[in-house]
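Listed below are the residues making up each chain.
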There are 2 protein chains.
Amino acid sequence: MRTNLPVNTQRLWDDVMALAEITDPAAPYTRRAFTARFLEGRAFLAKRFAAAGLAVRIDPAGNLIGRRPGRAPGKGVIMIGSHSDTVPGGGRFDGVAGVVAALEVARALDEQGLALDHDLEVVDCLAEEANVYGVSCVGSRGLTGRLTPEMLAYTEPGGETVAQALSRMGGDPVRIAEARRDDIAAFLELHIEQGRVLESAAIDVGVVRSIVGILRIELLVEGRADHAGTTPMPLRSDALVGAAEAILAVRKQAEALAGEDAGYFAATIGVIEVAPNAANVVPATARLVIDARAERRETMQRFASWTEGELPRIVAQARSRLTQISILSDSSLAAADPRLCAIITEAASSLGLSSREMASGAGHDAAMLSRIAPMAMIFTPCREGRSHCAEEWAEPEQISAGAAVMFESVLRIDRAPTEA
Amino acid sequence: MRTNLPVNTQRLWDDVMALAEITDPAAPYTRRAFTARFLEGRAFLAKRFAAAGLAVRIDPAGNLIGRRPGRAPGKGVIMIGSHSDTVPGGGRFDGVAGVVAALEVARALDEQGLALDHDLEVVDCLAEEANVYGVSCVGSRGLTGRLTPEMLAYTEPGGETVAQALSRMGGDPVRIAEARRDDIAAFLELHIEQGRVLESAAIDVGVVRSIVGILRIELLVEGRADHAGTTPMPLRSDALVGAAEAILAVRKQAEALAGEDAGYFAATIGVIEVAPNAANVVPATARLVIDARAERRETMQRFASWTEGELPRIVAQARSRLTQISILSDSSLAAADPRLCAIITEAASSLGLSSREMASGAGHDAAMLSRIAPMAMIFTPCREGRSHCAEEWAEPEQISAGAAVMFESVLRIDRAPTEA
């Protein structure tokens, strides 16, 4: 890994660590969207944005934006950033690394006297994580015109609406339509990988070619509740045995699809609920939730077809019945812009850093932004793939390598010939 | 099925139905041990016992006993009966059928002018079902000297001890040792099968040759909590996949052991708890509880050895680890007296009723009594094997057939030559 990078590793690291200090002390690292603690973090960031010479504003969707005007306003905006909110008991890097890396890019450009043709905007998108209001990616939805009146009316358990919370954050729900952007020439987001692909292959940065679509499927397996003592084995219809067959079949099918050269695929059964769940009763029902993630729509469709076509037969062979297959949610996949991916790969190479293209198995603000602008993401390694927990960790050099790749990428995007 | 049985089908049925009326109206059929409703049921039974000419008493262990003295007191007591408490939302027959059938046997003997050499005691054993005090088979434990000072000190959530509750039922915890019996020549219990063996083979009565031992084993499968999106399939250690392999392996092993000519065997995994049990996280741990029931100690030992020897390897092949195998409980099996079983079989045959020997997969007061006396049980069919629920059902003729077999068996036991 190179040490003479075009960004200031220490300065970047200090800002990440300073934000980490702004946490619910009882549950580090917690800075939930829409809380007073979150506003404290925002105040810190706004000060740092301003100190970097950026023109700071909050847009109607509650995004904190620091703007560095370009020499050729008509060329549009290169927007870079991520989010500064956390899950409860989350980590110091998820989101924050991307916001601070973007800020560091702006600072490094200034320090090196580099003017851009494009306007550069550093963004801290509001409320990316799932939250008590029931809508995630609030800010990035706003940027794409996808924060609907229905969503603005969602309430948290205390009764506050998203619209009210947005106002508290400095946004303006009445003028939400004005948050929609049509001037973004490129959107780049740096994020820790939240997986172990880069770490295990000792690769400096991941070039995200797509953000997976996520299909959640609920399965209901039915058997018959019988006395566990008095019902001979051949007379049983055990829902848990049927569920076990389904779990193993889904695993096998996921491994098969992941092993094909058909893009990233993963499927997980993370939820199981059995009734009556008593030691002396043969299970009557088992509810399972499949979380399937695919980089290609076609792969996901094959998995969904397999689930509908094959799973009922597999469960039936175990003498129980798959009586319901319900789609709980189905989020579209988001493709990165191939030109931007190529630029990022070249930028890494020019810095002597290793890279590989990969899919993002998790959702990000960048997935939203892909609806209105060419998008790409830069992944940086994190220790053991841990994320959404206090143990989440990345080395200063790992983040600054990603920031350096973003710096180089921004320069190359700015200089690239405009597409027809 | 014969219709001219030596017992009164209607009278027997009327008493079963009358007891069923004594229920928590909100949750038929509920008459929990130690409650006011239970005492109401007991008052009804005591009146019926007395009306049948029995000398009624409550022993120190809280058992309701109706005694019919024999002509040859030295020969000991033939004790017949079951229990009148229910599970919450239970049925009308579990326990009750056996108490009322025993009462009907005493009535029929009187009506037919049949004196016995043995004393005959009709018993309603206290608190057979699992209850909030944490000790089941309270009365039958007392009859065998197995109601320990520790058990008498158990408390229900409200703080009342078993000893206090026993006193409320008319028992006497201070004189509990006097409840222990050494004068029982034979104990017979009639009970609904709570399974579908008799019904599916259209057999009138089951002759229980043994009551299974029950081994409860807790398994802990450990994997690693990873992001369900960002962790490629080959990098996962999924505790639920390991658990699914264990569930199927236990099922297969149970079927193999049940299929051998080595007595009744069944094993069930009725409990599964997965953590964190979230759709987007690869399961980190899965807790399973195996309920294994065997008629022969040797079969149970083979199952336990297989669990310790083979399951860890099977789970490990699924890339997770079986880190704990704990025995939660281990109740001994109880063998019926072969001579009593032969008598019951002959009694059924003499009445023109079909019978088969079988194991009881559930526990009963008779299992306790086997520690101090020759014991046997008579099973009667019940619809679809349903039990511990409001749908529990048996036809009047099915119960009275069992009662008639008990009547005939009591006569034969009374006349049989005493063993050396």
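Note that this is a predicted model, so its numbers are computed, not measured.

## Examining the interface of chain B and chain A
Facing 53 residues of chain B, the contacting portion of chain A comprises 53 residues. Contact between chain B and chain A buries roughly 4500 Å² in total, counting both sides, with carbon and sulfur atoms accounting for 59%. Counting the surface chain B buries against chain A, the share from its top three residues, R196, M233 and R251 of chain B, is 16%. There are four salt bridges connecting chain B and chain A. Between D226 of chain A and R196 of chain B there is a salt bridge, with its nearest N and O atoms 3.0 Å apart. Counting across the chain B and chain A interface gives 14 residue pairs in polar contact (both at pLDDT 80 or more). Mapped by element, the contributors of at least two residues to the side of chain B that touches chain A are α8 (239-259), β8 (265-275) and β9 (285-294) of chain B. Among the residues forming the side of chain B that touches chain A, the class breakdown is 28 nonpolar, eleven polar and 14 charged.

## Digging into the pairing of strand β4 (residues 119-125) of chain A
All names here are of chain A. Within β4, seven of the seven residues are buried, which leaves the element mostly enclosed by the surrounding structure. Residue alternation in β4 divides its side chains into two sets, D119, E121, V123 and C125 and L120, V122 and D124, and both sets are buried. Bridge count for strand β3 (residues 77-83) against β4 is seven bridges, and the pairing is parallel. Across the sheet, the residue bridging to V77 is D119, located in β4.

## Re the packing of aromatic side chains
All names here are of chain A. With the rule as written, the count across this model stands at twelve aromatic pairs over all chains. For the pair F93 and W393, a centre-to-centre distance of 5.6 Å together with 85° between the ring planes defines the contact as edge-to-face. In this pair, F93 is assigned in the loop between β3 and α3 (96-111) and W393 in the loop between β13 (375-380) and α12 (396-415), connecting sequence segments 300 residues apart. For the pair F93 and W393, a shared accessibility class is recorded, and that class is buried. In textbook terms, an aromatic cluster arises when at least three aromatic residues are bridged by ring pairs, as seen for W13, F93 and W393.

About the cut-offs
- Just so you know, the residues in each chain are numbered from 1, in the order the chain's sequence is written.
- As they are written, the chains are lettered A onward and the ligands numbered 1 onward, keeping that order.
- It should be noted that, the model being predicted, local features are given only for residues of pLDDT at least 70 and side-chain atom pairs only at 80 or more, the latter also being counted only at that level, while totals for whole chains, interfaces and linings use all residues.
- The side-chain quantities take in all heavy atoms of the structure and omit both hydrogens and water.
- We call two residues in contact whenever any of their non-hydrogen atoms come within 4.5 Å of each other.
- Buried area adds together the accessible area that both of two parts lose upon being put together, with accessible area traced by a 1.4 Å probe.
- The rule for a salt bridge is simple: a side-chain nitrogen of Lys or Arg has to be within 4 Å of a carboxyl oxygen of Asp or Glu.
- Any pair of nitrogen or oxygen atoms within 3.5 Å is treated as a polar contact; in protein, a donor-acceptor pairing is required on top of that, and neighbouring residues in sequence qualify only through side-chain atoms on both sides.
- Labels follow the DSSP assignment, with helices taken as runs of H or I lasting at least four residues and strands as runs of E lasting at least two, numbered in each case from the N terminus.
- Amino acids are sorted into nonpolar (Ala, Val, Leu, Ile, Met, Phe, Trp, Tyr, Cys and Pro), charged (Asp, Glu, Lys and Arg) and polar (every other residue, Gly among them).
- A simple rule labels every residue: compare its accessible area, found with a 1.4 Å probe on the protein chains alone, to the largest value its type can have, and call it buried under 20%, exposed over 50%, or partly exposed in between.
- For two strands to be treated as a pair, DSSP must find at least two bridges joining them.
- When the centres of two rings from Phe, Tyr and Trp lie within 6.5 Å, Trp using its six-membered ring, the rings pair. Their planes under 30 degrees apart give stacked, over 60 give edge-to-face, and anything left gives tilted.

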